[in-house]
Amino acid sequence: MSYETLLYDVNGDGVATITFNRPDKYNAFTDQMILETTHAFKSASRDSEVRAIILTGSGKSFCAGQDLGDVEERENMTFLEHVRTRYNPMLTQIRTIEKPVIGVINGVAAGAGASVALATDLRVMSTKASFVLAAFANIGLVPDNGLTYTLPRLVGMSKALELIWLADRHNRVTAEQALELNMATAVAEPEALMDTAMELSTKLAKMPTRALGMTKRMLNMSWDSSLGEMLDMEAQLQQAASETEDAREGILAFLEKREPEFKGR
Ligand code: LHQ
């Protein structure tokens, strides 16, 4: 797959890597980059060879949010239209794709870049990386790209407000703080970042992909559902999972006292 603002690669272990690739602009989002990211996630969703997805950035930054030069030039689209028609489909695609999405936070993630990082399922963060959540307030805007949904769920309501209101661009959330605050799954030195992330992603790619995907669907719903609704959904998806080839293999491998070989089917 070839894009102008992204790199897209699928390796032999079924791990797709999507890399924001506008390093001179700190990988800030233009319309094209948003549309290409949505497209890349759709392709990864449809490709049965892909069983885990890494999202990262090239150069010093993960993503600096909206390209502010691009906003200045846009005259024919309101912010409402822009967020609804560009960002929201991308964010929905990342949150609902039924495959593990691993954010590899290689450098600073600011504004919508931080929102997108925190919308990934698991995050491996460089010791040199940071989150700038106050990027929105710094320029008189409000958080978008799902940050008002994900951040309080990760860190709690009061901490979310503190981070969005008070942590200015010089007072960033460091990797160490992010780990403590549940915003990062693991932290690695820059030289070891990709290897650490690839090891985790390869492990996930060898797991029963459909069961992992259905689990993500349920956890996405759990915040806004009752216990009764979740129990019913668990029953339905347990039935669906039991009908996969991977469940048959998993149970057989247990009985035969060997490691299962899951195929993602
Ligand atoms: C950039 C950007 C950038 C362009 C760095 N754009 N060039 C908003 C509006 C509309 C619709 C929907 O949604 C949104 C959501 C949002 O995302 S609002 C928030 C937008 N993002 C920001 O306000 C972040 C602005 N950037 C920064 O605060 C800093 O650059 C950070 C903290 C990211 C990095 O700081 P430093 O490490 O000190 O790097 P720097 O400031 O020197 O930036 C490096 C280069 O990247 C520089 O270019 P230059 O040609 O001077 O080397 C920046 O101009 C460029 N850059 N962010 N968002």
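Refer to the structure printed above.
Being a predicted model, the structure only gives us computed values, none of them experimental.

Trainee: Could you clarify how one ought to interpret a nonpolar patch on the surface in this entry?
Mentor: On the surface, a cluster of nonpolar side chains totalling about 380 Å² of accessible area is made up of L68, F79, I139 and L141. Note that L141 resides in the loop between α5 (135-138) and α6 (147-155).

Trainee: Hey, could you run me through the site of the ligand in this one?
Mentor: In the vicinity of the ligand, 21 residues are found, and the nearest of them are A64, Q66, L68, A112 and D144. Within the contact set of the ligand, a nitrogen atom lies 3.0 Å away from a backbone nitrogen or oxygen of L68. Out of a free accessible area of 1000 Å², the ligand has 71% covered by protein chains. Here the element with the most residues in the shell around the ligand is helix α3 (residues 79-96); it accounts for 4 residues. Classifying every residue of the shell around the ligand gives 12 nonpolar, 4 polar and 5 charged.

Trainee: Help me out: how do you make sense of the packing of helix α10 (residues 209-222) against helix α11 (residues 227-242) in this one?
Mentor: In a packed pair of helices, the relevant descriptors are the angle between the two axes and the axis-to-axis distance. The interhelical angle for the contact between α10 and α11, taken along N-to-C directions, is 170°, at an axis separation of 11 Å. As judged from the angle between their axes, α10 and α11 are roughly antiparallel. Touching M214, R217, M218, M221 and S222 of α10 are M230, M233, E234, L237, A240 and A241, all from α11. By residue class, the composition of the contact of α10 with α11 is 8 nonpolar, 1 polar and 2 charged.

Trainee: Explain the environment of N106 here, please?
Mentor: By the element assignment, N106 lies in the loop between β5 (101-105) and β6 (108-110). Here N106 falls in the buried class, since its relative accessible area comes to 15%. Through-space distance from the C-alpha of N106 to that of V124 is 8.4 Å; in sequence the pair is 18 residues apart. Ignoring anything within four residues of it in the chain, the contact list for N106 reads T56, G57, S58, G59, K60, S61, F62, S126, A129 and L193. Among the polar contacts made by the side chain of N106, one reaches the main-chain carbonyl oxygen of G59 at a distance of 3.2 Å.

Trainee: Got a minute to help me understand the nonpolar core in this structure?
Mentor: One broad trend across soluble globular proteins is that nonpolar side chains are buried collectively. Counting residues in hydrophobic clusters, the biggest one holds 48 residues, and the most contacted among them are F20, F29, F131, L133, L151 and M183. Here this core gets 6 residues from one element, more than from any other, and that element is helix α4 (residues 112-119). Residues contacting F131, with those up to four places away along its chain left out, are A109, A114, A117, L118, R123, M125, R172, V173, A178 and M183. Among the nonpolar cores identified, the runner-up in size contains 11 residues, and V15, A197, L204 and A205 belong to it.

About the criteria used
- Residues numbered from 1 in each chain as written.
- Predicted model: local features only at pLDDT ≥ 70, side-chain atom pairs only at ≥ 80, totals over all residues.
- Heavy atoms only, no water.
- Patch = residues over 30% accessible without salt bridge, like charges linked within 9 Å, V, L, I, M, F, W, Y side chains within 5 Å.
- Areas by Shrake-Rupley, 256 points an atom, 1.4 Å probe, with all protein chains shown as cover.
- Salt bridge = Lys/Arg side-chain N within 4 Å of Asp/Glu carboxyl O.
- Helix = DSSP H or I, 4+ residues; strand = E, 2+ residues; numbered from the N terminus.
- Near = heavy atom within 4 Å.
- Polar contact = N/O pair within 3.5 Å; in protein donor to acceptor, adjacent residues only side chain to side chain.
- Nonpolar A, V, L, I, M, F, W, Y, C, P; charged D, E, K, R; others polar.
- Axes fitted to C-alpha atoms, helices over the stretch in contact; angles between N-to-C directions.
- Parallel < 35°, antiparallel > 145°, perpendicular 65-115°, else oblique.
- Contact = heavy atoms within 4.5 Å.
- Buried < 20%, exposed > 50% of the residue type's maximum accessible area, 1.4 Å probe, protein only.
- Core = buried A, V, L, I, M, F, W, Y, C linked by side-chain atoms within 4.5 Å.

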